[in-house]
Amino acid sequence: MKLQGKEIDVVRKGSGQPLLLLHGGGGPIAAMPFADKLAEKFEIIAPTHPGFGGSKIPDHFNRVDDLVFLYLDLLDELDLNDVILMGFSMGGWTAVELATMNSTRLSKMILVDPVGVKVGGREDRDIADVFALPGEKLVELMFHDVSLAPKPADMPDDQLQLMAANRIALGVYTWDPYMHNPKLPHRLHRIKMPTHFIWGESDGIVTVDYGQKYCKLIDGATMTVIENAGHSPQVEQPEAFVDAVFKCAG
Amino acid sequence: MKSWWFTEDCYPHLPDESTYRSIRVDLPNALCEPEVAHDLYNRYLDLWCACDEIGLGIMLNEHHQTATCMVPAAPIMLGILARQTSKSRLLILGNPLPNRNQPVRVAEEMALVDVISKGRVECGFVRSVPYEAAAANILPYKGSERMWEAHDLIMKAWTTHDGPFNFEGKYYHHRQVNIWPRPYQQPHPPVWITMGSAGSAVPVAQHKHVGAVFLAGYPRIRSVFDGYRQSYLDAHGEHAPLDRLAYLGLCYIGENEREAEEGARKLLWYMEANKVPPEWSNPPGYHPPAVSAQVMKGVTGSGVPTNPTLENQMARGNVFAGTPDQVFEQIKAFWEYSGGFGHLLMMGQAGFLSDEDALKSMKLYKSEVEPRLIELAKNADPAELWEKSKAMPVKDGVDLGNFGVEFVR
């Protein structure tokens, strides 16, 4: 669809209460089995952040709030109301920023292993530096079961190039300050809707401990920890993940 | 033909390379003994001062968080040399502009050294290599665009003399720009920019800056130089003079072949030691997705072979080594094939090459090679050289793979 004069890829599927799904740094996820399951109950609206999935990054885009304004426009354009806002990792950060700015069209927020705030001191590495990690170490932190990780050496070139482009886009949105907005904690009081965190127990990119601290920053927020899952519980434990979503938004 | 002598100021006293993952970015500085570093810095400065005596141009550069190059602030080295030398021109190649958050400060530093040295600065600007992204904490995405915006701001800072001007660009903001001192050379010191492709050569040629190419060898030199020459011709309606182009290779000259080979093998440390894993050579946005994907796949790594052979590197035009006669013939062949250039940049010291050996090679170059190169280039017509080069068949059997991609920036 056209937003801000740009063509934005948006996947829509299922019917029911609208669920705006914001993917993480790995790229679009609306084609995954967990999303099909959610589509049985909700109308999924899943935009691809510009720069991901082979799309272009607009010349002036370089921060998460560029995405926030894009999706505020999307909510208006589609005139969506009573929306469940769901964000994964950097998409979770985007969701939280959006909710602090304007939540009139939203009724609930679900955050899956989100980044976006700093909870430790200036010398604590709250969020693993994904751009500085050797591939095998990154996989260990991302996955509970590393056998599920994509293997670049075996991937066809076009898929690998998409992965490389996604990584560039992730860098563009999150490089500095790294994966967070220092001002965000001071704005979280504006979030009044029910907010639920879902966290992979083995996540090494942002740990459960980080999640619990993040959760405490939002009034009344609750959290489900999913066992045997890392940074992407929707990939490693899709059933438990969908259950957790239905439980809080069913 | 002008000749420039270069060393990267390495710290070669490292444990076996199997004990560390990378020589850049995360190699603990516990391995850097301050006493040893002190001696090394003074040795390297002495070698540069020897250039002043011998009559060679001085070239230096900077890198960060690495044992391959202990100069994290080239302008400081340049400042020392401005006082300790009196004749050589001082080429800094270069200032890594995208990684400097204050281009005006760069303009000030260069003007300062230019004035102290009585106008001997030749000022290079570079996009910088990928390993610098982590060290500078700067996203390399659109690094060229950042470099050119910083370049524009610096040029204006050097050439504006009637009080402050305003600059509010895409990347850099500075509302009261009015540098003191202004450069000694008017309107500004000569500007050099490194080029990695025909495309990146275009703006360099349009500005009439010197375009420098590092270690592109036979496989790539013509495409880059041709890109420059064509853009120059298109933009200015005349052929680019030879002094607008520069080439850097490793160079060692001995009195006999055995001596030369021994010295050249020591220089190869520069390539052999450059152990860099993908997480540092592939920061997001430095390479286009297609290249980045190949690094992720493990097809290419740092771009520098860690097991280069002297024979290969010589065949590729990255190393010139031999007796004075042989080196002259090697450079002449490469020069003709490339379509000609006016500056030869020589890495003449690296690794464990001793000062004595480095000096011997420098002196042999000066007395026995340079005069012939000057003679060769003296009356050369750029248009004619270019035509001749185009007519030469592509030199095959010297496929570089990805080697050199990062070094040309």
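The structure presented is a predicted model; accordingly, all values stated were derived computationally and were not measured.

Trainee: Help me understand the overall build of chain B in this model?
Mentor: A count of helices and strands for chain B gives 15 helices and eleven strands. Along the longest, intermediate and shortest principal axes, the C-alpha atoms of chain B span 60 × 55 × 45 Å. Residues counted as buried form 58% of the 409 residues belonging to chain B. Within chain B, contacts between residues at least 6 apart in sequence are counted, and of these 79% link residues at least 24 apart. As displayed, chain B has an accessible area near 15,800 Å², and 51% of this comes from carbon and sulfur atoms.

Trainee: Can you walk me through the packing of helix H1 (residues 34-54) of chain B against helix H14 (residues 355-378) of chain B in this structure?
Mentor: Any two packed helices are characterised by the angle at which their axes cross and by the distance between the axes. Residue and element names in this part refer to chain B. Where H1 contacts H14, the two axes come as close as 11 Å, and the packing angle between them is 20 degrees. Viewed along their axes, H1 and H14 adopt a mutual orientation that is roughly parallel. When the axes of H1 and H14 are compared, the crossing they make is right-handed. Seen from H1, the contacting residues are Arg43, Leu47, Ala50, Cys51 and Ile54; seen from H14, they are Asp355, Ala358, Leu359, Met362, Lys363 and Lys366. Per-class residue counts for the contact of H1 with H14 are seven nonpolar, no polar and four charged.

Trainee: Any chance you could explain the interface of chain A and chain B here in plain terms?
Mentor: Interface extent is often summarised as the accessible area lost during association of the parts. Taken together, the contacts link 22 residues of chain A with 22 residues of chain B. For the pair chain A and chain B, the summed buried area comes to about 1,900 Å², and 62% of that belongs to carbon and sulfur atoms. Of all residues in chain A, Arg167, Ile168 and Trp175 of chain A give up the largest surface area on contact with chain B, accounting jointly for 33% of the area buried on that side. Across the contact surface, chain A and chain B share four salt bridges.

Trainee: What is the right way to read the packing of helix H13 (residues 324-338) of chain B against H14 of chain B from this model?
Mentor: All names here are of chain B. Packing of H13 against H14 leaves a shortest axis separation of 10 Å and a crossing angle of 35 degrees. Our pair here, H13 against H14, has a crossing hand that is right-handed. On the side of H13, the interface is formed by Pro324, Asp325, Val327, Phe328, Ile331, Lys332, Trp335 and Glu336, while H14 contributes Leu364, Glu368, Val369, Arg372, Leu373, Leu376 and Ala377. Its residues placed into classes, the contact of H13 with H14 shows ten nonpolar, no polar and five charged.

Trainee: I would appreciate a short explanation of the side chain of Gln234 of chain A in the present structure.
Mentor: Tracing the sequence through the fold places Gln234 of chain A in helix H7 (residues 233-236). Sequence-distant contacts of Gln234 of chain A, that is, excluding residues within four places in its chain, are made with Ile29, Phe34, Phe88, Val112 and Phe241 of chain A.

Trainee: Even after reading the chapter, I still don't get helix H5 (residues 143-159) of chain B, so can you show me in this structure?
Mentor: Think of an α-helix as 3.6 residues a turn; residues three or four steps apart then line up on the same face. Residue and element names in this part refer to chain B. The terminal C-alpha atoms of H5 lie 24 Å apart, and with 17 residues this matches the ideal 24 Å at 1.5 Å per residue to within 8%. Most of H5 sits out of view: twelve of its 17 residues are buried. Residues of H5 that are buried include every one of Gly143, Arg146, Met147, Trp148, Glu149, Ala150, His151, Leu153, Ile154, Met155, Ala157 and Trp158, and no others. Structurally, H5 contributes buried residues whose contacts are with helix H3 (103-116), strand S4 (121-126), strand S5 (165-168), strand S6 (173-177), strand S7 (191-194) and helix H6 (198-206).

Trainee: Even after reading the chapter, I still don't get the sheet that holds strand S8 (residues 195-200) of chain A, so can you show me in this structure?
Mentor: Within a beta sheet, neighbouring strands are joined by backbone hydrogen bonds and run either parallel or antiparallel to one another. Residues and elements named next belong to chain A. Across the sheet, which stays open at both edges, the seven strands sit in the order S3-S5-S4-S6-S7-S8-S9 with mixed pairing between neighbours. At either margin of the open sheet sits one strand with a lone partner, and together these are strand S3 (10-13) and strand S9 (222-226). Neighbour-to-neighbour, the strand axes of the sheet open up by a mean angle of 20 degrees, direction not taken into account. Two strands pair when backbone bridges link them, and strand S4 (residues 17-22) and strand S5 (residues 42-47) are joined in this way by four bridges, in the parallel orientation.

Trainee: It is not clear to me how the nonpolar core should be interpreted in this structure. Could you clarify?
Mentor: One broad trend across soluble globular proteins is that nonpolar side chains are buried collectively. Ranked by size, the top nonpolar core spans 122 residues in total, and within it Trp158 and Leu345 of chain B carry the most contacts. In terms of residue count, the dominant contributor to this core is H1 of chain B (ten residues). With residues near it in sequence (within four places) discarded, Trp158 of chain B still touches Ala107, Met110, Ala111, Cys123, Phe125, Ile179, Pro183, Pro187, His188, Pro189 and Val191 of chain B. Among the nonpolar cores identified, the runner-up in size contains 59 residues, and Val64, Leu133, Val206 and Ala221 of chain A belong to it.

Trainee: Can you help me understand the environment of Leu373 of chain B in this one?
Mentor: Residues and elements named next belong to chain B. With respect to the helices and strands, the residue Leu373 is situated in helix H14. Residue classification places Leu373 among the buried residues on the basis of a relative accessible area of 0%. Considered as a pair, Leu373 and Pro278 are 95 residues apart in the sequence and their alpha carbons are 40 Å apart.

Trainee: How should I be thinking about the layout of surface pockets in this particular structure?
Mentor: A probe as big as a water molecule, rolled over the atoms, marks out the empty space that is left. Considered as a void within the structure, the largest pocket measures approximately 1,500 Å³ in volume. For the largest pocket, the lining is made up of 48 residues, of which Gly26, Leu138, Met142, Pro150 and Met163 of chain A are closest to its centre. Among the elements of the structure, helix H4 (135-142), helix H5 (157-174) and H7 of chain A together with helix H10 (278-281) and helix H11 (289-297) of chain B are those that each provide at least two residues to the lining of the largest pocket. Of the residues belonging to the lining of the largest pocket, the class tally is 30 nonpolar, 13 polar and five charged. Taken as a whole, the second largest pocket spans an internal volume of roughly 890 Å³. If you go around the second largest pocket, you meet 30 residues; those closest to its centre are Asn62, Arg63, Val172, Asp176 and Pro177 of chain A. The residue inventory of the lining of the second largest pocket, partitioned by class, reads 13 nonpolar, seven polar and ten charged.

Trainee: Hey, could you run me through the pattern of salt bridges in this one?
Mentor: Once their charged atoms are close, side chains differing in charge can pair, the charge on each being opposite to the other. All names here are of chain B. Tallied over the full model, the rule gives 32 salt bridges over all chains. The partner of Glu259 in a salt bridge is Lys360, with the nearest N and O atoms 3.4 Å apart. Here Glu259, found in helix H8 (residues 257-267), pairs with Lys360, found in helix H14; they are 101 residues apart in sequence, far enough to count as distant.

Thresholds applied
- Residues numbered from 1 in each chain as written.
- Chains lettered and ligands numbered in written order.
- Predicted model: local features only at pLDDT ≥ 70, side-chain atom pairs only at ≥ 80, totals over all residues.
- Heavy atoms only, no water.
- Helix = DSSP H or I, 4+ residues; strand = E, 2+ residues; numbered from the N terminus.
- Buried < 20%, exposed > 50% of the residue type's maximum accessible area, 1.4 Å probe, protein only.
- Contact = heavy atoms within 4.5 Å.
- Areas by Shrake-Rupley, 256 points an atom, 1.4 Å probe, with all protein chains shown as cover.
- Axes fitted to C-alpha atoms, helices over the stretch in contact; angles between N-to-C directions.
- Parallel < 35°, antiparallel > 145°, perpendicular 65-115°, else oblique.
- Left-handed = near helix turned anticlockwise from the far one by under 90°.
- Nonpolar A, V, L, I, M, F, W, Y, C, P; charged D, E, K, R; others polar.
- Buried area = accessible area lost by both parts, 1.4 Å probe.
- Salt bridge = Lys/Arg side-chain N within 4 Å of Asp/Glu carboxyl O.
- Expected span 1.5 Å × (residues − 1).
- Pairing = 2+ DSSP bridges.
- Core = buried A, V, L, I, M, F, W, Y, C linked by side-chain atoms within 4.5 Å.
- 1 Å grid on protein atoms, 1.4 Å probe; cavity = no way out; pocket = protein on both sides within 12 Å on 5 of 7 lines; lining within 4 Å.
- Points joined across faces, edges and corners; volume = space filled by probe spheres on them.

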